[in-house]
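What the coordinates show
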Amino acid sequence: MRMLPKYFPSPPQGVWHLGPLPIRAYALFIIAGTVVALIIGDRRWAARGGQRGVIYDIALWVVPFGLIGGRLYHLATDWRTYWGPDGAGLSAAVRIWDGGLGIWGAVALGVLGAWIGCRRRGIPLPVFVDAVAPGIILAQAIGRLGNYFNQELYGHETTLPWGLEIFYRRDPSGYIDPHSLDGVSTGQLAVVVQPTFLYELIWNVIVFAILIYIDRRYLLGHGRLFAAYVALYCVGRFWVELLRDDTATHIAGIRINTFTSTFVFIGAVVYIMLAPKGREDPESLRSKDYVDDESEPAAKPADELASVTAASSDGPAASAGSAED
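Residues numbered from 1 in each chain as written. Predicted model: local features only at pLDDT ≥ 70, side-chain atom pairs only at ≥ 80, totals over all residues. Heavy atoms only, no water.

**Details of the packing of aromatic side chains**
Two numbers describe a pair of aromatic rings. These are the distance of the centres and the angle of the planes. Applying the stated criterion across every chain, the model contains 9 aromatic pairs. Taking 5.7 Å as the distance between ring centres and 35° as the angle between the ring planes, the aromatic pair formed by Phe 29 and Phe 149 counts as tilted. In this pair, Phe 29 is assigned in helix H1 (residues 25–47) and Phe 149 in helix H6 (residues 125–150), connecting sequence segments 120 residues apart. An aromatic cluster is defined as three or more aromatic residues linked by ring pairs; in this entry it consists of Trp 16, Phe 29, Tyr 148, Phe 149 and Phe 197. (Phe/Tyr/Trp six-rings, centres within 6.5 Å; stacked < 30°, edge-to-face > 60°. Helix = DSSP H or I, 4+ residues; strand = E, 2+ residues; numbered from the N terminus.)

Next comes the structure, spelled out in structure tokens:
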């Protein structure tokens, strides 16, 4: 009888080359997650009474701000990798396609971008973030698959049956390292670790289901659903950080993301307690350039009647003018 492998293997590589063009799994999953979040957000926005397509317009501000914020947070909390004694330098710091996005920075600057977009459209920010919150956490779950292909965000060594095999990879220059993003597996096992990326992925999917349920059950509004997303994510992230063993900045022996999860969780819970109850009036979701398509057919007959009346009252004069011309 054929024996099943004891552990789960990592993918042999995370980058494929089509000529000079690199196709990166990390980038593909980030893009896929963003698309899913936009589709879900647009449908939820319309279900709340908003205009279809507004989510995509505001996303033009949210996505670039979120990417920049995520990268800045990563650089700030892992600065030794780039500017330490043997750091990779500025050129590596700007290569966002190699991975390295901090969710806290992405959310913070992403909300700033959303505020700019909402302000330009005359839409309240809290109701917007409530609409997109479930899609965001699901996008995070999809993005974690990119970490799987990159052999990153893993935990301590383990002998658990669901342990993840990390292999040495050889990069194009011939250098062998398990952390090589452009490398291909040599087949030589480096270590078996806890798949913390998978733990967080599963938790994110659970949070997505919880958000959908409580939103339908309690009709949360005024930013409280978004705050619930933040608080629930922090719970899972705090636990995952305790299991991780990859490179990270520590304060007093504790990973900095553990502190961030704690403080952000407290802030989210306080907001939920203080924010107004209930849900916003659907009228508040309509942007300043909103056009009610259903009202146009009713308006046309009135306009036509006014035109006919005006033409009838001016009929003789108009006829005389025409004859003179």
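Past the structure itself, the notes keep going.
**Describing helix H8 (residues 224–243)**
At 3.6 residues per turn, the α-helix brings residues three or four places apart onto the same side. An ideal rise of 1.5 Å per residue puts 28 Å on 20 residues; H8 measures up with 29 Å between its terminal C-alpha atoms. Where burial is concerned, most of H8 is hidden: 15 out of the 20 residues are buried. (Expected span 1.5 Å × (residues − 1). Buried < 20%, exposed > 50% of the residue type's maximum accessible area, 1.4 Å probe, protein only.)

**Description of the side chain of Asn 257**
Structurally, Asn 257 can be placed in helix H9 (residues 256–274). Within polar-contact distance, the side chain of Asn 257 engages the side chain of Tyr 73 at 2.7 Å. Apart from the residues lying within four places of it in its own chain, the contact partners of Asn 257 are Tyr 73, Trp 104, Arg 237 and Glu 241. (Polar contact = N/O pair within 3.5 Å; in protein donor to acceptor, adjacent residues only side chain to side chain. Contact = heavy atoms within 4.5 Å.)

**A look at unusual backbone geometry**
Although it is not a glycine, Gln 151 adopts a positive phi angle of roughly 55°. Along the chain, the position of Gln 151 falls in the loop between H6 and strand S4 (164–170). Of note in this structure, His 222 is not a glycine but carries a positive phi near 60°. The topology assignment puts His 222 in the loop between helix H7 (196–218) and H8.

**Remarks on the nonpolar core**
Counting residues in each nonpolar core, the largest one holds 35 residues, and the members touching the most others are Trp 45, Ile 123, Phe 128, Leu 211 and Tyr 229. Breaking this core down by element, the ones donating at least two residues are H1, helix H2 (54–77), helix H5 (103–121), H6, H7 and H8. The biggest single contributor to this core is H8, with 9 residues. In terms of nonpolar packing, the next biggest core, distinct from the first, is built from 7 residues, Leu 153, Val 191, Val 193 and Phe 197 among them. (Core = buried A, V, L, I, M, F, W, Y, C linked by side-chain atoms within 4.5 Å.)

**What to know about the packing of H6 against H7**
Close contact between H6 and H7 brings their axes to 8 Å; oriented N to C, the two are set at 165°. In terms of orientation, H6 and H7 fall into the roughly antiparallel class. Where H6 crosses over H7, the handedness of that crossing is left-handed. Only Phe 197, Glu 200, Leu 201, Asn 204, Val 205, Val 207, Phe 208, Leu 211 and Ile 212 of H7 make contact with H6, whose side of the interface consists of Ala 133, Pro 134, Ile 137, Leu 138, Gln 140, Ala 141, Arg 144, Leu 145, Asn 147 and Tyr 148. (Axes fitted to C-alpha atoms, helices over the stretch in contact; angles between N-to-C directions. Parallel < 35°, antiparallel > 145°, perpendicular 65-115°, else oblique. Left-handed = near helix turned anticlockwise from the far one by under 90°.)

**Brief notes about the layout of surface pockets**
Approximately 290 Å³ is the volume attributed to the second largest pocket. As for the second largest pocket, its lining consists of 18 residues, and the residues nearest its centre are Val 107, Val 111, Phe 226, Ala 227 and Val 230. Taken together, the residues of the lining of the second largest pocket break down into 16 nonpolar, 2 polar and no charged. (1 Å grid on protein atoms, 1.4 Å probe; cavity = no way out; pocket = protein on both sides within 12 Å on 5 of 7 lines; lining within 4 Å. Points joined across faces, edges and corners; volume = space filled by probe spheres on them. Nonpolar A, V, L, I, M, F, W, Y, C, P; charged D, E, K, R; others polar.)

**Overview of the packing of H1 against H2**
Two numbers describe how H1 lies on H2: the axes approach to 9 Å, and their chain directions differ by 140°. When the axis of H1 is compared with that of H2, the two are oblique. The two elements H1 and H2 cross, and the hand of that crossing is right-handed. Residues Thr 34, Leu 38, Ile 39, Gly 41, Asp 42 and Trp 45 of H1 form the contact with H2, whose own contacting residues are Val 54, Ile 55, Tyr 56, Ala 59 and Val 63.

**Describing H1**
For H1, spanning 23 residues, the distance from its first C-alpha to its last is 33 Å, which sits close to the expected 33 Å at 1.5 Å a residue. Along H1, the residues classified as buried are Ala 25, Tyr 26, Gly 33, Ala 37, Leu 38, Ile 40, Gly 41, Asp 42, Arg 44 and Trp 45. Where the residues of H1 are buried, they touch strand S2 (15–18), strand S3 (21–24), H2, H6, H7 and H8. Following H1 by one or two positions, Gly 49 has its phi on the positive side, about 110°.

Interpretation note: all reported values are geometric properties and have no functional meaning in isolation.
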